[in-house]
Amino acid sequence: EQTASFFEAVGGEEIFRRLVHRFYEGVVEDPLLRPLYPEDDLDGAEERLRMFLIQYWGGPNDYSQQRGHPRLRMRHAPFVIGEPERDAWLKHMGDAVQSLDLPPELEKQLWDYLVYAAHSMINA
Ligand code: HEM
């Protein structure tokens, strides 16, 4: 099964840990995005995104056990997400993806998904 093997193929949890940690290092420095995220629970936000991505790509389903059904568009409804926010999110995510040095085919699979998902999160 394709998504299950992606989690295995990239070597499991460690890659997702690095990806999401690097992403939030960018968010912290971003004047457009930082105010959207919880002021004093960025670690929690990091954990939620990491658990979600791990589950999406076929790893353990801690996300749904702790958070229930993802319903990502609904969960993002409180935040104004237009093209500038989407582009900023993708810039930090792109830096993070590149920092992983994945084999090109796996990198493309991951990146294509993130671009698609970010476009679908626009609500303003
Ligand atoms: C949560 C912003 C795109 C997955 C959040 C939060 C913010 C946010 C402010 C709340 C942080 C928290 O306390 O958890 C944005 C912006 C995006 C974007 C500005 C720009 C397009 C995405 C995409 C994904 C995603 C593309 C999935 C690939 C998540 C997840 C959570 C989350 C899983 C935690 C949901 C929960 O369980 O509460 N996002 N997001 N986000 N975001 Fe995004």
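For clarity, every value in this text was computed on a predicted model and none was experimentally measured.

Cut-offs used in this document
- Numbers given for residues are sequential positions, taken from 1 along each chain in its written order.
- Residue-level local features of this predicted model are given only where pLDDT is at least 70; pairs of side-chain atoms are given and counted only at 80 or more, and the full residue set underlies all totals for whole chains, interfaces and linings.
- Hydrogens are left out, water is left out, and the side-chain values use all remaining heavy atoms of the structure.
- One heavy atom within 4 Å of a molecule or strand makes the whole residue count as near it.
- Residues adjacent in sequence count toward polar contacts only when both atoms are side-chain atoms; beyond that, a polar contact is any pair of N or O atoms within 3.5 Å, and within protein one must be able to donate a hydrogen and the other to accept it.
- Starting at the N terminus, helices and strands are each numbered in turn, a helix being any DSSP run of H or I of at least four residues and a strand any DSSP run of E of at least two.
- Gly falls in the polar group here, along with every residue not listed as nonpolar (Ala, Val, Leu, Ile, Met, Phe, Trp, Tyr, Cys, Pro) or charged (Asp, Glu, Lys, Arg).
- Two rings from Phe, Tyr or Trp (for Trp, the six-membered ring) form a pair when their centres sit within 6.5 Å of each other. Planes less than 30 degrees apart are called stacked, planes more than 60 degrees apart edge-to-face, and all others tilted.
- Classification of residues uses two cut-offs on accessible area relative to the type maximum, computed with a 1.4 Å probe and protein chains only: under 20% is buried, over 50% is exposed, and between them is partly exposed.
- Because water is not among the atoms used, a metal site may look incomplete, as its donors are only the N, O and S atoms within 2.8 Å, or 3.2 Å for Na, K and Ca.
- Confidence of the predictor in every single residue is expressed as pLDDT, which spans 0 to 100.
- Nonpolar cores were defined as sets of buried Ala, Val, Leu, Ile, Met, Phe, Trp, Tyr and Cys residues, with membership established by side-chain atoms within 4.5 Å.
- Contacts were defined at the residue level, with two residues in contact if any of their heavy atoms lie within 4.5 Å.

Engineer: Sorry, what's going on with the site of the ligand here?
Structural biologist: In the neighbourhood of the ligand, 20 residues make up the surrounding shell, with Tyr37, Arg48, Tyr63, Arg67 and His76 lying closest. Within the side chain of Tyr63, one N or O atom sits 2.5 Å away from an oxygen atom of the ligand. Contacts to the ligand include Trp89, whose side-chain N or O atom sits 3.4 Å from a nitrogen atom. Secondary-structure elements contributing two or more residues to the shell around the ligand are helix H3 (42-56), helix H4 (62-67), helix H5 (72-76), helix H6 (83-99) and helix H7 (104-120). Looking at the shell around the ligand element by element, the count peaks at four residues for H3. Among the residues making up the shell around the ligand, the classes are represented as 15 nonpolar, one polar and four charged.

Engineer: Any chance you could explain the packing of aromatic side chains here in plain terms?
Structural biologist: All chains considered together, the criterion is met by 10 aromatic pairs. With centroids separated by 5.7 Å and ring planes inclined at 20 degrees, the aromatic side chains of Phe7 and Phe16 adopt a geometry described as stacked. Residue class for Phe7 comes out buried when judged on its relative accessible area of 10%. Residue classification places Phe16 among the buried residues on the basis of a relative accessible area of 1%. Pairing Phe52 with Tyr63 gives two aromatic rings, centres 5.6 Å apart and planes at 85 degrees, and the pair type is edge-to-face. Placement of Phe52 in helix H3 and of Tyr63 in helix H4 is noted, with a sequence separation of 11 residues between them. One aromatic cluster is present, built from ring pairs that chain together Phe6, Phe52, Tyr56, Trp57, Tyr63 and Tyr113.

Engineer: Is there a simple way to explain the coordination of the iron atom of the ligand in this structure?
Structural biologist: Reference values for coordination geometry: four tetrahedral donors around a metal ideally subtend 109.5 degrees, six octahedral donors ideally subtend 90 or 180 degrees. A lone protein donor contacts the iron atom of the ligand, and this donor is His76 (NE2), found at 2.0 Å. With respect to the helices and strands, the residue His76 is situated in helix H5.

Engineer: Please clarify how the confidence of the model for the protein should be interpreted in this entry.
Structural biologist: Detailed reading of predicted coordinates is not advised where the pLDDT is low. Per-residue confidence for the protein gives a mean pLDDT of 95; residues scoring 70 or more make up 97%. Predicted complex metrics record ipTM = 0.97 and pTM = 0.96.

Engineer: Would you mind showing me how to read the nonpolar core here?
Structural biologist: In globular proteins that are soluble, nonpolar side chains generally tend to be buried together. Formed by 35 residues in total, the largest nonpolar core has its most connected members in Phe23, Tyr24, Tyr37, Leu53, Trp89 and Leu110. Among the elements of the structure, helix H1 (2-9), helix H2 (13-28), H3, H6 and H7 are those that each provide at least two residues to this core. Excluding residues within four positions of it along the chain, Leu53 makes contact with Phe16, Leu19, Val20, Tyr113 and Leu114.

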